[in-house]
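Tertiary structure, described
As a plain string of letters, each chain reads:
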Amino acid sequence: MSGFRLLLAVHTPIVLPRVPPRLDMLVHEGLCRLHGDWSRTHDLPLAEDVTAGIRASQLVFVQTVSTPLATTTLAMPDATGNLDRANVSNPPRPFKETGGPRPKRLTERAAIQTPYAAFYGEGDGQRCAELLSLLDGLGREHMRGSGSFEVIDIQADDTDRWRFCAHRRDVVDVTSLPFDPIADERALTPHGQPEPVWRPEQIITETLR
Amino acid sequence: MKNAYQRLFEATETIRSEVQWSLETPTTGACACCGRAWDAVEQADQAAAYQYSPNMAVEWYCTTCKTVREPSQRALGIERRAGRSDNTVDARLGMLPGAGAVITAHSVLHLAVKPGHWDKFKGGTYAQTGQMHVCSPIQLLLTLERDARLGDPAKGIVYIEEFGRKADGLMADLRVTTSLAELWANTENGPSLIELTRLRTLYDRLAAQDSLDAALKPAFWQPIRRAAQGHLDRDALRAWADQRNDPQAILDALPRDPKMRLSLHSRLATLHAARAA
């Protein structure tokens, strides 16, 4: 198994969820879609690790000198699942965007515009790229067009930047981590249980030269 | 580490201690307010009925979400009087626009309210026990940290920037903070990220360069703000850097989240006011 970097061209803004996208979780989702089976844990084309679970990084935002990260707002129609016919008044009143006794019509979310993104890992980079291509996008609202991407480059990487991910707090030497650690609880494998970890900040950036 | 809902549940025992809800075993899939499955809530298998008005459908809430919507004259106070003077509308956490809170790692709720709130609620339990403060939520957080009352953030604290009017918006995605490097500001519109440690570093570096007074004004950050909005002006940035003693030190301390870069002057002003207090 060798280290690799996947470089993604990102076409639409990314809305970061509470847990930033991680390569191993995305690859696992790709395998679930490939097999049509979400009930079991599939074998990942990635190396396992004692402290990190899987040798795969979280999302790294890659900006350029001429295109730094930018912020934007995405307004999406809110989920209407909790509308109930009993909630509709009689006679009908116009819906308000700002709310009232009904869910908001539009939910605004902050999104990040980035020209590129990267994932680092150790394993079969080509296979990971193929599985990522089965996904619709990265982050929240990916089924509605956010976080749309394509893998444009796969390179060998021996910098161990896959370590930009969560590591088990009781096992890892915190001084050896390449980031300023934040205590949290995260699952380290697909279908794993949350456990105490040191994790990097939500937004990791690097500059493409 | 406790999650945000557990912290809120433990911190609001005062409100629940005086109520008699009729709790039932839920038959729905999840709490209608926060959306958590029933086996994930604090009092599993105990659902409280909530009805916005008699014309609306009955929804089933977990006891944590129900607490936020529960009026409590004893804990908080009287929100207003309606109709005749003896008809009171009691205050509830879910209807406190302009007020925020910090729940410490010891599950103690501290409210940050405006002067008008204090006038109404000063007789309530939270005010009487020193858990209600007239200041901004971020000032409250920094004061609690300074006085060693915040506890270890790694054990989980909750920062509510504003309760607002929509409790379902607040409770749908209530996030715990485990490090002041990433402070989750919960509001009725969902949580947003404040990189407080970076903000403090930026503040100190600006002060070291005698640029702090200028940095509290929006014009100072114009090229940075425009770049964060997707309009990079290299000439303006170069001119901005030429006016600084050590521009790289300032740039290195900028928040990574471009959204935070839109409001640096106001964030720094809040920090400045908190430090001056």
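Data block above holds the structure.
No experiment lies behind these values; they were computed from the predicted model shown.

**Structural notes on the overall build of chain B**
Secondary structure assignment for chain B yields 13 helices and 11 strands. Overall, the C-alpha framework of chain B stretches about 65 × 40 × 35 Å when taken along its three principal axes. Residues counted as buried form 50% of the 277 residues belonging to chain B. A total of about 12400 Å² of accessible surface is found on chain B, and carbon and sulfur atoms cover 46% of it. Distance between charge centroids for chain B: 3 Å, based on 34 positive and 32 negative side chains.

**Considering the side chain of His117(B)**
Structurally, the position occupied by His117(B) is in helix α4 (residues 115-121). Sequence-distant contacts of His117(B), that is, excluding residues within four places in its chain, are made with Leu96(B), Pro97(B), Gly98(B) and Ala99(B).

**Digging into the environment of Gly190(B)**
Residue and element names in this part refer to chain B. For Gly190, the location among the structural elements is in strand β11 (residues 190-194). It is 8.3 Å that separates the C-alpha atoms of Gly190 and Met171, two residues lying 19 residues apart in sequence. With near-sequence residues (within four places) excluded, Gly190 lies in contact with Gly169 and Ala185.

**Side note on the interface of chain A and chain B**
Contact with chain A, which involves 27 residues of that partner, is made by 29 residues of chain B. Carbon and sulfur atoms supply 55% of the area buried between chain A and chain B, which totals about 2300 Å² over both sides. Area buried by chain A at its contact with chain B is led by Thr71(A), Glu201(A) and Ile203(A), which between them contribute 21% of it. The interface formed by chain A and chain B includes 3 salt bridges. Among the salt bridges present, the one from Arg256(B) reaches Glu201(A), with a minimum N-O distance of 2.8 Å. Those elements giving two or more residues to the side of chain A that touches chain B turn out to be β5 (70-77), β6 (106-113) and β10 (182-186) of chain A. Here the side of chain A that touches chain B gets 4 residues from one element, more than from any other, and that element is β10(A).

**Remarks on the sheet that holds β10(A)**
Adjacent strands of a sheet form backbone hydrogen bonds with each other and so pair up, either parallel or antiparallel. All names here are of chain A. Taken in spatial order, the 3 strands make up an open sheet running β9-β11-β10, and their pairing is antiparallel. Looking at which strands have only one partner, the edges of the open sheet turn out to be β9 (167-168) and β10. By the bridge criterion, 2 bridges tie β9 to strand β11 (residues 195-199) in an arrangement that is antiparallel. Bridging from a neighbouring strand, His167 pairs with Trp198 of β11.

**Notes on the pattern of salt bridges**
Applying the stated rule across the entire model yields 31 salt bridges over all chains. Linking Glu122(A) and Arg55(A) is a salt bridge whose minimum nitrogen-to-oxygen distance equals 2.8 Å. Taken together, the positions of Glu122(A) in strand β7 (residues 116-123) and Arg55(A) in the loop between β3 (53-54) and β4 (60-64) put the pair 67 residues apart, joining distant regions of the chain. The partly exposed category is assigned to Arg55(A), whose relative accessible area is 24%. A salt bridge links Arg198(B) to Glu195(B); the shortest N-O distance between them is 3.8 Å. An identical accessibility class is assigned to Arg198(B) and Glu195(B); each is buried.

**A closer look at the sheet that holds strand β2 (residues 47-50) of chain B**
All names here are of chain B. Taken in spatial order, the 3 strands make up an open sheet running β1-β2-β3, and their pairing is antiparallel. At either end of the open sheet lies a strand with only one pairing partner, and these are β1 (23-24) and β3 (59-62). Of the pairings in the sheet, the one linking β1 to β2 comprises 2 bridges and is antiparallel in character. Paired with Leu23 across the bridge in β2 is Ala48.

**Some details on helix α13 (residues 264-276) of chain B**
Taking 1.5 Å of rise per residue, the 13 residues of α13(B) would be expected to cover 18 Å, and the 18 Å separating its terminal C-alpha atoms lies within 8% of that figure. As for α13(B), its buried residues are in contact with α6 (137-146), α8 (196-208), α9 (212-215) and α10 (222-228) of chain B.

**So, the nonpolar core**
With 39 residues, the main nonpolar core has Leu93(B), Leu111(B) and Met171(B) as its most contacted residues. The element that contributes the greatest number of residues to this core is helix α1 (residues 4-11) of chain B, accounting for 4 residues.

What counts, and at which threshold
Each chain has its residues counted from 1, running along the sequence as written. Chains and ligands are labelled by the order in which they are written, letters from A for the one and numbers from 1 for the other. The predicted origin of the model limits local features to residues at a pLDDT of at least 70 and limits the giving and counting of side-chain atom pairs to 80 or more, whereas totals for whole chains, interfaces and linings rest on all residues. To obtain the side-chain values, all non-hydrogen atoms of the structure were included, while hydrogens and water were left out. Labels follow the DSSP assignment, with helices taken as runs of H or I lasting at least four residues and strands as runs of E lasting at least two, numbered in each case from the N terminus. Categorising residues by exposure relies on relative accessible area from a 1.4 Å probe, with only protein chains included: less than 20% of the type maximum marks a residue as buried, more than 50% marks it as exposed, and the intermediate range marks it as partly exposed. Surface exposure here means Shrake-Rupley accessible area, sampled with a 1.4 Å probe, where a residue is shielded only by the protein chains that are shown. Charge counting treats Lys and Arg as positive and Asp and Glu as negative, with His and both chain ends excluded. Where a charge lies is defined by one atom per residue type, namely NZ (Lys), CZ (Arg), CG (Asp) and CD (Glu). Throughout, a contact is declared for two residues whenever any of their heavy atoms are within 4.5 Å. Buried area: the accessible area, evaluated with a 1.4 Å probe, that two parts lose upon being put together, summed over both parts. Salt bridge criterion: a side-chain nitrogen from Lys or Arg within 4 Å of a carboxyl oxygen from Asp or Glu. Strands qualify as paired when DSSP identifies two bridges or more between them. For a helix, the expected span equals 1.5 Å multiplied by the residue count minus one. Only buried residues count toward a nonpolar core. Its members are Ala, Val, Leu, Ile, Met, Phe, Trp, Tyr and Cys residues joined through side-chain atoms within 4.5 Å.

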